[in-house]
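Chain and residue survey
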Amino acid sequence: MRRKVIQHFANMFPQRFIDLPEGYDLALLARAKRGVPSFNLLEGTASIDGVPEPLLRTASSYREWLHKEAAAHGVELEGIRSASMEVRFEVDAVEVEESFGHVSHSARFRFECASELRTDEKSYTCESSCERQWGYGWYWEQLFGVPARGI
């Protein structure tokens, strides 16, 4: 197993999440306000606080990224026993503004991310956190219809 490459994979999952999260996921997290999404990055599945949430896109897009990067670096995915990430989050400072008939949503998101990739030999981990203001209005409309004011 190529240890430095696998550690790089573990490092990239939280970094990607805090640098540019999926817009649909931001809308879902904004609706939930706080919780702990868990992502199985080998299977491409996700849950929030233990409840499956198939609309979260991070798990499937990171699964695709992992497959592509593993192939590019000659890492056999069969040697990786698990690949997961948990994100503790809290949403506040929600802003809903209307201008010329368009409603925009934004909020402050706090993320604490922890990823882990396990092989038979070792566990590779990474933790990272951030706080950022993100807009998610278009994704909210796609998921939930016309944006509700004040959410």
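Scroll up a little and you will see the structure.
Below: a short report on this structure. (Residues numbered from 1 in each chain as written. Predicted model: local features only at pLDDT ≥ 70, side-chain atom pairs only at ≥ 80, totals over all residues. Heavy atoms only, no water.)

Some remarks on the overall build of the protein
Counting its secondary structure elements, the protein contains four helices and seven strands. Mapped from its N terminus to its C terminus, the protein presents α and β elements in the order α-α-β-β-β-β-α-β-β-β-α. With the C-alpha coordinates aligned to their principal axes, the bounding extent of the protein is approximately 55 × 25 × 25 Å. Of all 151 residues assigned to the protein, the portion counted as buried reaches 41%. Contacts in the protein between residues far apart in sequence, at least 24 positions, make up 67% of those at least 6 positions apart. For the protein, the exposed surface amounts to about 8,200 Å²; the carbon and sulfur share of it is 47%. Averaging the positions of the 18 positive and the 23 negative side-chain charges in the protein gives two centres separated by 3 Å. (Helix = DSSP H or I, 4+ residues; strand = E, 2+ residues; numbered from the N terminus. Buried < 20%, exposed > 50% of the residue type's maximum accessible area, 1.4 Å probe, protein only. Contact = heavy atoms within 4.5 Å. Areas by Shrake-Rupley, 256 points an atom, 1.4 Å probe, with all protein chains shown as cover. Lys, Arg positive; Asp, Glu negative; His and termini not counted. Charge placed at Lys NZ, Arg CZ, Asp CG, Glu CD.)

Examining the packing of helix H2 (residues 23-32) against helix H4 (residues 137-144)
Each pair of packed helices can be described by the angle between their axes along with the distance between the axes. Where H2 meets H4, the axes come as close as 8 Å, and the angle between the chain directions of the two elements is 75°. Our classification of the angle between H2 and H4 gives roughly perpendicular. Across the interface between the two elements, Gly23, Tyr24, Ala27, Leu28 and Arg31 of H2 pack against Trp138, Tyr139, Trp140, Gln142, Leu143 and Phe144 of H4. (Axes fitted to C-alpha atoms, helices over the stretch in contact; angles between N-to-C directions. Parallel < 35°, antiparallel > 145°, perpendicular 65-115°, else oblique.)

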